Each structure stands twice: as C-alpha cells, then as structure tokens.
Amino acid sequence: MPDDTTSQDMLSRLKSSLKKITIEDGDVSEELYRVEGDLLLDEDQLEIYAQQREALEKERSLQKERAALGAGDVAPQEGRSSLVGVTSNGKLVRWKPGLVLTYCVLKNTFSSTERYEKAVAGMKQATWAWENTCGITFQHKSELDNSNGTANPGTLFTVREIDAGGQFIAAAFFPNDPKNRRRVLIDPSYFDQNLSFDPVGVLRHELGHVLGFRHEHIRSQAPPQCPDETMADTLDLTQYDPQSVMHYFCGNVGSRTLAITDIDRIGSQKLYGMPFSSFNYVE
Amino acid sequence: MADESEKTYASNFLDKHPALRETMARSKRLDELEKKVALPKDDESEEQLYIVRGDTVGDKDELYVDALARGSNPETKDALARELFLETDPAMQALIIDELKK
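Residues numbered from 1 in each chain as written. Chains lettered and ligands numbered in written order. Predicted model: local features only at pLDDT ≥ 70, side-chain atom pairs only at ≥ 80, totals over all residues. Heavy atoms only, no water.

1. A closer look at the interface of chain A and chain B
Cut-off, in case you're wondering: The contact criterion used throughout is that any non-hydrogen atoms of two residues lie within 4.5 Å. Counted as salt bridges are all cases of a side-chain nitrogen of Lys or Arg within 4 Å of a carboxyl oxygen of Asp or Glu. For the purposes of these results, a polar contact is taken to be a pair of N or O atoms within 3.5 Å, where, inside protein, one atom must be able to donate a hydrogen and its partner to accept one; residues adjacent in sequence count only when each atom of the pair is a side-chain atom. Numbering of helices and strands runs from the N terminus, with a helix taken as a DSSP run of H or I at least four residues long and a strand as a DSSP run of E at least two residues long. Three classes are used, and their members are as follows: Ala, Val, Leu, Ile, Met, Phe, Trp, Tyr, Cys and Pro are nonpolar, Asp, Glu, Lys and Arg are charged, and the others, Gly among them, are polar.
Tallying the contact residues gives 29 residues for chain A and 28 residues for chain B. For the pair chain A and chain B, the number of links is four salt bridges. Here B:Glu47 ties to A:Arg181 by a salt bridge, and the two come within 3.9 Å at their closest N and O atoms. At the boundary of chain A and chain B, one finds 13 residue pairs in polar contact (both at pLDDT 80 or more). Of all the elements in the fold, those that place two or more residues in the side of chain A that touches chain B are β9 (170-171), β10 (183-186) and α4 (199-211) of chain A. It is α4(A) that provides the largest number of residues to the side of chain A that touches chain B, a total of three residues. Of the residues in the side of chain A that touches chain B, the class split is eleven nonpolar, eight polar and ten charged.

2. Observations regarding the side chain of A:His217
Residue and element names in this part refer to chain A. Looking at the secondary structure, you find His 217 in the loop between β11 (213-214) and β12 (234-236). A polar side-chain atom of His 217 sits 2.9 Å from the main-chain amide nitrogen of Tyr 248. In this structure His 217 touches Ala 222, Cys 226, Pro 227, Glu 229, Met 246, His 247, Tyr 248 and Cys 250, once residues within four positions along its chain are discounted.

3. Quick notes on the packing of helix α1 (residues 9-16) of chain B against helix α4 (residues 60-71) of chain B
All names here are of chain B. Our working definition: Lines fitted to C-alpha atoms define the axes here, with helix axes fitted over just the stretch in contact, and angles between the N-to-C directions of these axes take values from 0 to 180 degrees. With respect to orientation, any angle under 35 degrees is reported as roughly parallel, any angle over 145 as roughly antiparallel, any angle of 65 to 115 as roughly perpendicular, and every other angle as oblique.
Close contact between α1 and α4 brings their axes to 8 Å; oriented N to C, the two are set at 75 degrees. When the interaxial angle is binned, α1 and α4 end up roughly perpendicular. Along the contact surface, α1 presents Ala 10, Ser 11, Phe 13 and Leu 14, while α4 presents Asp 61, Glu 62, Tyr 64 and Val 65. For the contact of α1 with α4, the per-class residue count stands at five nonpolar, one polar and two charged.

4. Points about helix α5 (residues 262-272) of chain A
All names here are of chain A. Applied cut-off: Exposure classes here rest on a 1.4 Å probe applied to the protein chains alone. A residue is buried below 20% of its type maximum, exposed above 50%, and partly exposed in between. Note that the arc is computed from the directions linking the helix axis to the C-beta atoms.
Of the positions making up α5, those classed as buried are Ile 263, Asp 264, Gly 267, Ser 268, Leu 271 and Tyr 272. One side of α5 holds all its buried residues, which, seen down the axis, span an arc of 155 degrees. Downstream of α5 by a residue or two, Gly 273 has a phi angle that is positive, lying close to 80 degrees.

5. So, the sheet that holds strand β6 (residues 100-105) of chain A
All names here are of chain A. Rules: Pairing between two strands requires that DSSP report at least two bridges joining them.
Strand order in the open sheet formed by five strands is β7-β6-β8-β10-β9, with mixed pairing between adjacent strands. Each edge of the open sheet carries a strand with a single partner, namely β7 (137-140) and β9. As paired strands, β6 and strand β8 (residues 157-161) are joined by three bridges and run parallel to one another. What sits directly across from Val 105, in β8, is Val 159. Sitting on the sheet, helix α3 (residues 113-131) is in contact with β6, β7, β8 and β10, with an inclination near 165 degrees to β6.

6. Focus on the nonpolar core
Put simply, the test is: Side-chain atoms within 4.5 Å are what join buried Ala, Val, Leu, Ile, Met, Phe, Trp, Tyr and Cys residues into a set we call a nonpolar core.
Counting 40 residues, the largest nonpolar core has A:Trp130, A:Phe138, A:Phe157, A:Leu211 and A:Phe213 as the members making the most contacts within it. Elements supplying a minimum of two residues to this core: β6, α3, β8, β10, α4 and α5 of chain A. Each residue touching A:Trp130, except ones within four places of it in the same chain, is listed here: A:Ile136, A:Phe138, A:Arg204, A:Leu207, A:Gly208, A:Leu211, A:Phe213, A:Val245, A:Ile260 and A:Ser268. Listed in part, the 34 residues of the second largest apolar core include A:Ala171, B:Leu14, B:Val65 and B:Leu80.

7. Some thoughts on the pattern of salt bridges
Scanning all chains against the criterion turns up 20 salt bridges over all chains. Of the charged contacts in the structure, one is a salt bridge between A:Arg214 and A:Glu229, with a shortest N-O distance of 3.1 Å. Of the two residues, A:Arg214 sits in strand β11 while A:Glu229 sits in the loop between β11 and β12, which places them 15 residues apart along the sequence. The exposure class assigned to A:Arg214 is buried, which follows from its relative accessible area of 5%. On the basis of relative accessible area, A:Glu229 is assigned to the buried category, the value being 2%. Several salt bridges share partner residues, and in doing so they unite A:Arg181, B:Glu47, B:Arg53, B:Asp59 and B:Glu62 into one network.

This is the structure:
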C-alpha cells in the first residue's frame, strides 16, 4: 500500500490524464472523472481509487523485481486474494444476502457538531468504498441521528463517540457478535489534528470488521512485531497481504492510509460477490 | 444458560477446559487487565465489555482467551498477557498453543 506521498503523485497523474465529465443537476453542476471506461468518480472517490491503483502498481513492480532476482515462480497478483474471515461451526460468517446494513450516527454522543459531521462524512466515504468493493449495501438513516440516549433507535448498528481514553482510535464488531455490541465506537483521539492515520481509512478498517474480516497481521507470515490474536474460528480467504486495509501499521508494513487494496477486493468478493454497481439489472 | 451455538468461541473453549476457568477465576492479573481495557458503560445495567483484539469488543471470556493467545508468544511485548499465559499449567499452555494459535 502506498504512503501518502506516492498516492498523491498517483492522484495528480490521474487528474491530469483522465477525461472530466460535468453533470448538471438544476443549478448545481458537478465535475466527475471517468475511469476504466464507465466509472464516474468525484474528487474523494478518485483519491481512494488512486490509493488502490498505487497499491496494485507497487505489488506488480515488486513481483517483477522478485522474478528478475530469480525468486522462482511468482503467482500473478490478480489471482491472489487476501483477508481473514470469521467462522462459526466451520462456516464463514457473513451478513444475509440482500440485507441492507442500516446505521445512524448518534449526534448526542459527540462532543461537538463538528465531530458529528466529521463522523457522518467519514462513514459516507468508508461505506461507499466497501459498496464499490463487494456486494454489500449500507444505508445511513440520518433521520435517527437525533435520537435521545445511546440505545439503538432501530438500525442494524449505531456509530457513536465514546471516551475510551485512547485505548483505540475506533472500534467495531463482527456480524456474529451479540446485537448489543453492534456499535462502531469512535474515541476522541480520532479527531486529533495530528492523527497519524487517514480518518476515513480508520473507518474503512472498522467496517471491514463489521463485514466479518479479522486482522490481516494475525497470520504467521506477518512481522513478529505485530500484535498476536487467537486464530481460532478464522479462515484465510487465501494469502497474506501486508498492504491490506485490515493490517495494522506494524513491523514496517501496513499503511496509514488504510486503503482497500485490489487484493482485499478479491478476498471480500469471495464472501460477498461483486459490487451491485457492477451489474445491469433487468426486470 | 446460553445455547451452545450462541456462545462465543472463548466461552465454549473455557467451558471445555474447566482447569483454565479455575485459573481465570483466581487470577489477579486478569483483574489488572480488566481495569486497563474496560469500556465505559452508559449505565450500570449494561454488560461490562472490554476492548479485545485491538479494536473490537468482547466479554470477559473473550478478553481472557485473547490474552492467553497473545501471551503464548514468548516474544510478545504484552507483559501482562505473557504473565496470564504463564499462570496456566504446562498442559494448558500446550493446549492454548495448539488450539488458539493453529
């Protein structure tokens, strides 16, 4: 996965080479970038796309180097997939097909409107990234954001701020966790101006847990400096990916951008299939 | 009592090995760990949850089992997890490595 500088370079290159399309909607017009023939991306989406492209190019270049050094047969990157899935009774755990993952962002738990708005915007981008990676749909029920208290007002999960004293930046749950744990928790440290991770990337990582993915760095191939966890009830969706969105930044691998790599894409599609936007639906 | 299929892996694992449950119940180090990673509760009736596996939430059984798995690595930087692992008897240590780290 690229560092911030290299993804910015990729972003600049893409911006200067891609065709721009202007979409008019009443008095509002939006400029979008066309990629891969028929995908229209706004600035934020293009940034994520640039990170993914950078990750893929870096992996390809590493493969060429390995091959040139005579490192033996190197499997084509596109054929690899990553991610560690959660299992129960020997079967992979995932959300039921067709289930829309609804959420609300509990405004009263945030210490300021600015923080609430940052969480809403971050969730929008992070859910968008996963929706464009595999066959899953999230829905923000913003009408429930102003609910009183901290109880779930009727969504699949809630997003809230909680002061955990910096034990984590954000925390999440797995699909097979008890319903009362279905919360994405955001610590005040998430809003720190000096946060060393991409805040949207942090939410992409947390939503990876929500979809049923464990940490990538718990595999035996990860650097020994990375934190250990129990491997029970997990299934490797295939090979280890040091650049995965689910990998911590440890042992000099991982990334602070926490972008979803092309390898993550293939792994997550093993569980959820292709993104719904890939299809032309016929009635 | 919860249905077997509704219980977490950690609870099933500890139920299967009562000796470990006993060690867990006696452990003062686990009390220390609990204090360190307890999640703030909105009200007293709420289940006490902990931060486990870095950034997910779990109950006391999951906290303990996760710490044992981490502590089974002699090179772990988590001294408390290592102490928890070393509190268990050698047969249990072998079992932890075999079942939690496979």
